[in-house]
Amino acid sequence: MASAIFYILGFTALAATALCITRRNPVHAVVYLVNALFALALMFYQLGAPLVAAWEVIIYAGAVMVLFLFIIMMLELAPASAEMQGPGWRRWGPVLLLSLVILGCTLALLGIQADQDGVPAFWVSPRAFGAALFDQYALAVQVVSFQLLYAAVGAFYVGKGSLRRRTQGEETP
Amino acid sequence: MIVPMSHILAFSAALFVMGLACVLAQRNLIMILIGVEIMLNAVGLTLVGASALWQKVDGQIFVIFLMAMTSAEVSISLAMVVYLRRRKGTLEADAFDGMKG
């Protein structure tokens, strides 16, 4: 049962990714990618990584994809009405189907015991995860935090550079 | 392990190839970045699968570092997307084929 759900989720993720990479409209691509990320998060959960599954949803689907949507809407990249032709079910049918499959798998996972298949399930609790992260990999955590700082400074610099160029262009045309 | 490791590797290889195809075939910069995201997620699936195979927590910790790296990469590359859009007024990758200096 658990492995069947895993295969269903895997093919759901593959289908969502295939739909994602063939879209012309970036907003549609992001929505399909969010579906794929939800399916991947459930696969992580089944492989004994509940914390990674939660962060997959929070960071990827919640933060990174919303950042993509922000940029797409800020730059007005979505085509206005060229892709909106045709019957309505072709627009929201696939994404509704994928979401329903993922929701059904989530509900089915709620009713499954972790060690139902006779094998003791590998399960990393958040406590064990945090102990290993901040004990064995403390130096790596600091390096990664520096990397995030560099990224923030770099993004600020690039954004400020474009702003300065634009204001200069307005002052001395 | 609820499924064999080879099947996890097959899923993640398929996802990776799809992301690579997106990077190579699409010309919109946003779609190229989405392809990079797909590839990184495929690598994360491999790492979590390896972590479950060897019953060790290290693979999942690598996924967390991968996520931190991804958020850094996405923030800086989206800032560059905004910059390039303001500079040339388009996001087609073919428009950025010249070097200065």
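Preceding this paragraph is the structure being described.
Please read these numbers as outputs of a predicted model, since none were measured by experiment.

Peer 1: Break down the nonpolar core for me, citing the residues and quoting the values.
Peer 2: One finds Val52, Phe68 and Phe129 of chain A together with Ile30, Ile34 and Leu45 of chain B to be the most contacted residues of the largest nonpolar core, which totals 85 residues. At 14 residues, the largest contribution of residues to this core is made by helix α3 (residues 58–88) of chain B. Those residues in contact with Phe68 of chain A that sit more than four places away from it in its chain are Val30 of chain A together with Ile30, Leu33, Ile34, Glu37, Val74 and Leu78 of chain B.

Peer 1: Give me the packing of helix α2 (residues 26–46) of chain A against helix α4 (residues 89–110) of chain A: which residues, what numbers.
Peer 2: All names here are of chain A. For the pair α2 and α4, interaxial distance at closest approach is 10 Å and the crossing angle is 15°. When the axes of α2 and α4 are compared, the pair comes out roughly parallel. The element α2 and its partner α4 pack so that their crossing is left-handed. Contacts between α2 and α4 involve Val31, Tyr32, Asn35, Phe38, Ala39, Leu42, Tyr45 and Gln46 from the former and Arg91, Pro94, Val95, Leu98, Ser99, Ile102, Cys105, Thr106 and Leu109 from the latter.

Peer 1: Tell me what's going on with the packing of helix α5 (residues 126–135) of chain A against α3 of chain B, and back it up with residues and numbers.
Peer 2: As a packed pair, α5 of chain A and α3 of chain B sit with axes 10 Å apart at the nearest point and diverge in direction by 70°. Looking at the two axes, α5 of chain A sits roughly perpendicular to α3 of chain B. Residue-level contacts link Phe129, Ala132 and Leu133 of chain A of α5 of chain A to Gln60, Ile61, Ile64 and Phe65 of chain B of α3 of chain B. Of the residues contributing to the contact of α5 of chain A with α3 of chain B, the split by class is 6 nonpolar, 1 polar and no charged.

Peer 1: Any details on the side chain of Gln26 of chain B? Residues and values, ideally.
Peer 2: Summarising the element assignment, Gln26 of chain B is placed in the loop between α1 (5–25) and α2 (29–54). In terms of polar contacts, Gln26 of chain B uses its side chain to reach the backbone carbonyl oxygen of Ile21 of chain A, at 2.8 Å.

Peer 1: Describe the interface of chain A and chain B, listing the residues and the values that go with them.
Peer 2: Taken together, the contact pairs 62 residues of chain A with 56 residues of chain B. Both sides together, the interface formed by chain A and chain B hides about 5,300 Å², and carbon and sulfur atoms give 79% of it. Here chain A and chain B share 0 salt bridges between them. The interface formed by chain A and chain B includes 6 residue pairs in polar contact (both at pLDDT 80 or more). Among the secondary structure elements, those contributing two or more residues to the side of chain A that touches chain B are α1 (2–21), α2, α3 (50–74), α5 and α6 (138–171) of chain A. A per-element tally of the side of chain A that touches chain B places α6 of chain A first, with 13 residues. Partitioned by chemical class, the residues of the side of chain A that touches chain B number 47 nonpolar, 10 polar and 5 charged.

Peer 1: Quick rundown of the packing of aromatic side chains? Include the residues and the values.
Peer 2: Residues and elements named next belong to chain A. Taken as a whole, this structure holds 8 aromatic pairs over all chains when the rule is applied. Residues Trp55 and Phe129 carry aromatic rings whose centres are separated by 6.3 Å and whose planes lie at 85° to one another, so their mutual orientation is edge-to-face. Residue Trp55 is found in helix α3, and its partner Phe129 is found in helix α5; the two are separated by 74 residues along the sequence. The exposure class assigned to Phe129 is buried, which follows from its relative accessible area of 2%.

Peer 1: So, unusual backbone geometry: which residues are in play, and what are the values?
Peer 2: Residue and element names in this part refer to chain B. The phi angle at Gln55 is positive, at roughly 55°, despite the residue not being glycine. With respect to the helices and strands, the residue Gln55 is situated in the loop between α2 and α3. Look at Gln55 and you get partly exposed, because its relative accessible area is 45%.

About the cut-offs
Residues numbered from 1 in each chain as written. Chains lettered and ligands numbered in written order. Predicted model: local features only at pLDDT ≥ 70, side-chain atom pairs only at ≥ 80, totals over all residues. Heavy atoms only, no water. Core = buried A, V, L, I, M, F, W, Y, C linked by side-chain atoms within 4.5 Å. Buried < 20%, exposed > 50% of the residue type's maximum accessible area, 1.4 Å probe, protein only. Helix = DSSP H or I, 4+ residues; strand = E, 2+ residues; numbered from the N terminus. Contact = heavy atoms within 4.5 Å. Axes fitted to C-alpha atoms, helices over the stretch in contact; angles between N-to-C directions. Parallel < 35°, antiparallel > 145°, perpendicular 65-115°, else oblique. Left-handed = near helix turned anticlockwise from the far one by under 90°. Nonpolar A, V, L, I, M, F, W, Y, C, P; charged D, E, K, R; others polar. Polar contact = N/O pair within 3.5 Å; in protein donor to acceptor, adjacent residues only side chain to side chain. Buried area = accessible area lost by both parts, 1.4 Å probe. Salt bridge = Lys/Arg side-chain N within 4 Å of Asp/Glu carboxyl O. Phe/Tyr/Trp six-rings, centres within 6.5 Å; stacked < 30°, edge-to-face > 60°.

In short, the description is geometric, and any link to function would need to be established separately.
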